Amino acid sequence: MERSEIYQMIQRVLSDREGTLERGVTFSWTLEGDERIVGLVFDVILDRYFLYNKTSLLTEVQEIARLVECRPEEIVRAFSCLSGIRLESNHIIERLMTIEEATISENGSIRVAIRLGGWLTHQLHQIGCDALLPC
């Protein structure tokens, strides 16, 4: 599959509340959220995935809020929405990503650890292969 097709498929998952992708993969949002902020947060996650080449990422909510110019609670909601996107294929059900841990420090800093789901990791790996990364 071409890189642009993969990006379009991911964009469809982020912009439509439910649907069916190639090979019968269905998706649905289980939580509502602001599409714009969800998309911006997802862009930050993508940048970090390609920068660090890791499927598990630890991030500071306030840092992302500054980057996308919104309130930290909107970022928390976007993480919830992204982790609530359900994908199903051949009776296998998974989430787009999973929140593994969320902590609040004594000074009020919120850190969130996420793990990308298998379907998303596979799609991003295909993009990376096209970008001359080792496969």
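Note that the structure is a prediction, hence the values are computed from the model and not measured. (Residues numbered from 1 in each chain as written. Predicted model: local features only at pLDDT ≥ 70, side-chain atom pairs only at ≥ 80, totals over all residues. Heavy atoms only, no water.)

Caption draft 1: Spotlight on the pairing of strand E7 (residues 110-116). In the sheet, strand E3 (residues 56-60) pairs with E7 via five bridges, with the strands oriented antiparallel. Paired with Glu-60 across the two strands is Arg-111, which belongs to E7. Looking at chain direction, strand E6 (residues 97-104) and E7 are connected through seven bridges and run antiparallel. Bridging from a neighbouring strand, Thr-98 pairs with Arg-115 of E7. Counted between consecutive antiparallel strands, the loop separating E6 from E7 contains five residues, among which Gly-108 sits at a positive phi close to 95°. (Pairing = 2+ DSSP bridges. Helix = DSSP H or I, 4+ residues; strand = E, 2+ residues; numbered from the N terminus.)

Caption draft 2: Looking closely at the sheet that holds E6. Sheet architecture is open: three strands sit in the order E3-E7-E6, paired in antiparallel fashion. Across the chains shown, the open sheet's two edge strands, defined by having one partner strand only, are E3 and E6. Neighbour to neighbour, the strand axes of the sheet diverge by 20° on average, direction disregarded. Packing against the sheet, helix H3 (residues 61-68) makes contact with E3 and E7, and its axis sits at approximately 75° to E3. The sheet strands contacting helix H4 (residues 72-83) are E3, E6 and E7, and the helix crosses E6 at an angle near 150°. (Axes fitted to C-alpha atoms, helices over the stretch in contact; angles between N-to-C directions. Contact = heavy atoms within 4.5 Å.)

Caption draft 3: Representation of the environment of Glu-2. Looking at where Glu-2 falls in the secondary structure, it is placed in the segment before helix H1 (3-15). Sequence spacing of Glu-2 and Asp-47 is 45 residues, and the spatial spacing of their C-alpha atoms is 19 Å.

Caption draft 4: Local environment of H1. The terminal C-alpha atoms of H1, which comprises 13 residues, lie 18 Å apart, in line with the 18 Å expected from a rise of 1.5 Å per residue. Those residues of H1 not exposed but buried are Ile-6, Met-9, Ile-10, Val-13 and Leu-14. When H1 is viewed along its axis, its buried side chains cluster within an angular range of 140° and face the same direction. (Expected span 1.5 Å × (residues − 1). Buried < 20%, exposed > 50% of the residue type's maximum accessible area, 1.4 Å probe, protein only. Arc of directions from axis to C-beta.)

Caption draft 5: Structural view of the packing of aromatic side chains. Applying the stated criterion to the full structure yields one aromatic pair. Measuring from centroid to centroid gives 5.0 Å for Tyr-49 and Phe-50, while their planes differ by 75°, and the two rings are edge-to-face. Residue classification places Tyr-49 among the buried residues on the basis of a relative accessible area of 5%. Judged by relative accessible area, Phe-50 falls into the partly exposed class, the value being 30%. Above the ring of Trp-29, the side-chain terminus of Arg-17 is found at 4.0 Å from the ring centroid. (Phe/Tyr/Trp six-rings, centres within 6.5 Å; stacked < 30°, edge-to-face > 60°. Lys NZ or Arg CZ within 6 Å of the ring centre and 35° of its normal.)

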